[in-house]
Amino acid sequence: MLYLAKSLLISGLIFCFYSLFLKKEPFHQLNRVFLIIGAFLAIIIPLIDFNFSENIAPFSEEVNTLFSEISVTHTAVSNSFPIEFSLRNLIVLVYIIISLILLFKLAFQFVLLKNIYKKSRVEIIESIKVVETFKEYPPFSFFNFIFICSKGLSSEERERIILHEKIHIKQFHSIDLLFFDILLIFFWFNPFLWLIKKSLKSIHEFIADSAILNSGCNSIEYQDLILKETFGIYDISFINRLNYSLTKRRFAMMSNLKPRDFAFFKYVAILPIMLTLMLVFNSYTSISSEQTAEQKKQKEKELKNKQIEKSTNKVEKNLDFQELDEAPSFDFNELSKKIVYPEEARKAGKEGKVFVRAYVNVKGEIEKVKIEKSDNNIFDKAAITAVKNTKFNPGIK
């Protein structure tokens, strides 16, 4: 859970830096690299533990009593534990279901693309496969394929559209989008990754628009062509389409091809600052989370000790002790069967020793059970319960 929180906050930091300082700058390639690397760091950095404090390995433990030593391992005790349907299980179930839906959606988009390809005519232009669709799909590209419907287009307009899509292919924009589609299958709950992907698709169009205009194309004619291809039929997440929803912003960016003075220095300053903030944040959260876990563990230990003391310590001053010729006895096998291995210890793979003192009255009844020594208090309650549930034979005088 801590990893997810770190990833969410770091990706939020990336997107906020981009939106506040870089979004309006015409350095589209730098913005592209910034967002891709930023998303990658948001996944990787939370995995790195910057807390270099020494970890103490847990010691070997066993469960015992004073009257006889009983060794118990987490594989030796056979108990059945019913599956509990908790809120945590519900959250995991919802996560898996949504991830599977996104996975099937991605697979369906590939199938859809394959069907379009099969029903179309293909020609090869400069090692690029141009797929001429018979239905009026919007122009788009995917890796080395350009899908276009030439109906209603002049030869010059068709060439400009193909040139636009060639830029997407040469810049490997399909890899960017496919990377985010796969990433979002696992991190669909992170809104900042969705926003970063949306911004990245805009940047792809800015890059292609800039290249077209720099080739000598008239900006008015090019904008008319974009408006002509505004409406599309299919929404495939990993393709680059000419008809992008942020058409108005694309037009504004076309008039902002010249960078402002000193704009480049934003990147020089922001990158180290942002990286430093992410590392400091991750290091701080690692230390604070360890302290919180230690405090929680200490509180749980104190609470368990109080519970054990409350449940086992009866009034000792009223007990009448007598010197016996033969001490109270018990069935060793019966006691062994009474031991229920703690589920928490089972999951952690822990074993331990607990030394228990039992006070038996003349009827063979347990008056009091006391922990003499324990390697780990996780086993205390199980040891006390086993002793209290065991039948003793009273001592003989």
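Residues numbered from 1 in each chain as written. Predicted model: local features only at pLDDT ≥ 70, side-chain atom pairs only at ≥ 80, totals over all residues. Heavy atoms only, no water.

1. What about helix α6 (residues 191-214)?
An α-helical turn contains 3.6 residues, so any two residues separated by three or four positions project in the same direction. The line we're drawing: Helix and strand assignments follow DSSP, with helices taken as H or I runs no shorter than four residues and strands as E runs no shorter than two, numbered in order from the N terminus. The span expected for a helix works out to 1.5 Å for each residue beyond the first. Polar contacts, as counted here, are pairs of nitrogen or oxygen atoms within 3.5 Å of one another; within protein the pair requires one atom able to donate a hydrogen and one able to accept it, and residues that are adjacent in sequence qualify only if both atoms are side-chain atoms.
The terminal C-alpha atoms of α6, which comprises 24 residues, lie 35 Å apart, in line with the 34 Å expected from a rise of 1.5 Å per residue. You can read the cap of α6 off the contacts: a side-chain oxygen lies 3.0 Å from the backbone nitrogen of F192, and it is on N190.

2. What about the nonpolar core?
The test is simple: Nonpolar cores were defined as sets of buried Ala, Val, Leu, Ile, Met, Phe, Trp, Tyr and Cys residues, with membership established by side-chain atoms within 4.5 Å. Here's how the labels work: a residue is buried when its accessible area is under 20% of the maximum for its type, exposed when over 50%, partly exposed in between, all with a 1.4 Å probe on protein chains only.
Core analysis: the largest hydrophobic core is formed by 32 residues, its most contacted members being F34, L35, L193, I196 and Y222. A per-element tally of this core places α6 first, with eight residues. Residues F330, I339, I366 and I378 belong to the second largest nonpolar core, which totals 17 residues.

3. What to know about the environment of K197
Among the structural elements, K197 can be located in helix α6. Taking relative accessible area as the criterion, K197 reaches 8% and is therefore assigned buried. Distance from K197 to D176, taken between C-alpha atoms, is 8.6 Å for residues 21 residues apart in sequence.

4. Some points on the pattern of salt bridges
Let me state the cut-off plainly: The rule for a salt bridge is simple: a side-chain nitrogen of Lys or Arg has to be within 4 Å of a carboxyl oxygen of Asp or Glu.
Summed over all chains, the structure comprises eight salt bridges. Here R158 makes a salt bridge to E132, at a shortest N to O gap of 3.1 Å. You can see R158 sitting in helix α4 (residues 155-170) and its partner E132 sitting in strand β2 (residues 128-132), a full 26 residues away along the chain. R158 sits in the buried class, given a relative accessible area of 18%. The exposure class of E132 is buried, given its relative accessible area of 7%. Three or more residues are tied together by salt bridges with common partners; here these are E123, E132 and R158.

5. Some details on the packing of aromatic side chains
Going by this rule: Any Phe, Tyr or Trp ring, taking Trp's six-membered ring, that has another such ring centre within 6.5 Å forms a pair; planes under 30 degrees apart are called stacked, those over 60 apart edge-to-face, and the others tilted.
Inspection of the entire model under this criterion finds 12 aromatic pairs. Seen in terms of ring centroids, Y117 and F145 are 5.5 Å apart; in terms of plane orientation they differ by 90 degrees. Their pairing is edge-to-face. In this pair, Y117 is assigned in helix α3 (residues 87-118) and F145 in strand β4 (residues 145-148), connecting sequence segments 28 residues apart. Since its relative accessible area comes to 28%, Y117 is described here as partly exposed. Owing to a relative accessible area of 24%, F145 belongs among the partly exposed residues under this scheme. Through a chain of ring-to-ring contacts, three or more aromatic side chains come together here, namely Y3, Y95, F187, W188 and F189.

6. Quick notes on the packing of helix α2 (residues 28-44) against helix α5 (residues 173-186)
Put simply, the rule is: Lines fitted to the C-alpha atoms define the axes, with helices restricted to the stretch that makes contact. Angles between their N-to-C directions range from 0 to 180 degrees. To sort the angles, those under 35 degrees are grouped as roughly parallel, those over 145 as roughly antiparallel, those from 65 to 115 as roughly perpendicular, and the leftovers as oblique. Crossing handedness follows the turn of the near helix against the far one: under a right angle anticlockwise gives a left-handed crossing, and clockwise gives a right-handed one. Residue contacts follow a heavy-atom distance rule, with two residues in contact if any of their heavy atoms lie within 4.5 Å. Amino acids are sorted into nonpolar (Ala, Val, Leu, Ile, Met, Phe, Trp, Tyr, Cys and Pro), charged (Asp, Glu, Lys and Arg) and polar (every other residue, Gly among them).
Orientation of α2 relative to α5, taken along the N-to-C sense of each, is 25 degrees, at an axis distance of 12 Å. With respect to α5, the axis of α2 lies roughly parallel. As α2 runs across α5, the sense of the crossing is left-handed. Contacts between α2 and α5 involve R32, L35, I36, A39 and I43 on the former and, on the latter, H173, D176, F180 and L183. Here the residues of the contact of α2 with α5 are counted per class, giving six nonpolar, one polar and two charged.

7. Here's the deal with unusual backbone geometry
In this structure, F143 takes a positive phi of about 50 degrees despite not being glycine. Along the chain, the position of F143 falls in the loop between β3 (140-142) and β4. The class of F143 is partly exposed, set by a relative accessible area of 36%. Despite not being glycine, F172 shows a phi value in the positive range, around 60 degrees. On the secondary structure map, F172 appears in the loop between α4 and α5.

8. Here's the deal with the packing of α5 against α6
Taken N-terminus to C-terminus, the directions of α5 and α6 make an angle of 170 degrees; their axes are 11 Å apart at the nearest point. The angle between the axes of α5 and α6 places the two elements in the roughly antiparallel class. For the pair formed by α5 and α6, the contact residues are H173, D176, L177, F180, D181, L183 and L184 on the first element and L193, W194, I196, K197, L200, K201, H204 and I207 on the second.

9. What about the confidence of the model for the protein?
Predicted coordinates in regions of low pLDDT should not be interpreted in detail. Definition in use: Note: pLDDT gives the predictor's confidence per residue, expressed from 0 to 100.
The predicted model of the protein has a mean per-residue pLDDT of 78, with 73% of residues at 70 or higher. Ranking the helices and strands of the protein by mean pLDDT puts α5 first, with 96, and strand β5 (residues 240-241) last, with 58. Counting interchain partners and residues more than four positions distant, the pLDDT-below-50 stretch residues 52-84 has 77 contacts.

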